[in-house]
Amino acid sequence: QVQLVESGGGLVQAGGSLILSCAASGRTFNNWAMGWFRQAPGKEREFVAAISWTDKYADSVKGRFAISRDNTKNTVDLQMNSLKPEDTAVYYCAARAGLLLSVVPGDYEYWGQGTQVTVSS
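Parameters and conventions
- Residues numbered from 1 in each chain as written.
- Predicted model: local features only at pLDDT ≥ 70, side-chain atom pairs only at ≥ 80, totals over all residues.
- Heavy atoms only, no water.
- Helix = DSSP H or I, 4+ residues; strand = E, 2+ residues; numbered from the N terminus.
- Rg over C-alpha atoms; globule rule 2.2 N^0.38 Å.
- Buried < 20%, exposed > 50% of the residue type's maximum accessible area, 1.4 Å probe, protein only.
- Contact = heavy atoms within 4.5 Å.
- Pairing = 2+ DSSP bridges.
- Axes fitted to C-alpha atoms, helices over the stretch in contact; angles between N-to-C directions.

Caption draft 1: Region of the structure containing the overall build of the chain. Along its length, the chain carries 0 helices and 11 strands. Each helix (α) and strand (β) of the chain, taken in turn from the N terminus, gives the series β-β-β-β-β-β-β-β-β-β-β. Relative to the globule expectation of 14 Å for 121 residues, the C-alpha radius of gyration of the chain, 13 Å, shows essentially globular dimensions. Taken along its principal axes, the extent of the C-alpha atoms in the chain is 40 × 25 × 25 Å. When the 121 residues of the chain are sorted by exposure, 43% land in the buried category. Pairs at least 24 apart in sequence give 62% of the contacts found in the chain among residues at least 6 apart.

Below is the structure:
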């Protein structure tokens, strides 16, 4: 079993920055691919970024967001810069066994409870 707890969401003005953090516990963190997804009201959950030994980003956040992980602390962070109102959503951390990255929510086995990010215009 893997437990994921997100933190760091909040309200920010357009153009601002936020850092989301996900703390993982329960299994060998090094052997898991970690992802960030988001879901806005009335929309499907969508891929944002993922990381194992490499990383991958949605086109909508490429160049603005950066994902990183610390295997000694079992954490994965999402640095979000140049935020836009369309980035407003609940952001979820997810874990997937193995090191292959995936953009498909159904490929991830464990999920956090989510953290709200609101970007005002």
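There is more to say after this.
Caption draft 2: Up close: the environment of G15. In this structure, G15 sits in the loop between β2 (10-13) and β3 (18-25). Judged by relative accessible area, which is 53%, G15 ranks as exposed. Residues G15 and I51, spaced 36 residues apart in sequence, show a C-alpha to C-alpha distance of 25 Å. Beyond its immediate sequence surroundings of up to four residues, G15 is in contact with S82 and L83.

Caption draft 3: Fine view of the sheet that holds strand β7 (residues 65-70). Ordered in space as β1-β3-β8-β7, the 4 strands form an open sheet in which the pairing is antiparallel. Looking at the sheet topology across the chains shown, the edges are occupied by β1 (3-7) and β7. Neighbour-to-neighbour, the strand axes of this sheet turn through a mean angle of 15 degrees, independent of strand direction. The pairing of β1 with β3 spans 5 bridges and is classified as antiparallel. Directly across from E6, in β3, lies its bridge partner C22.

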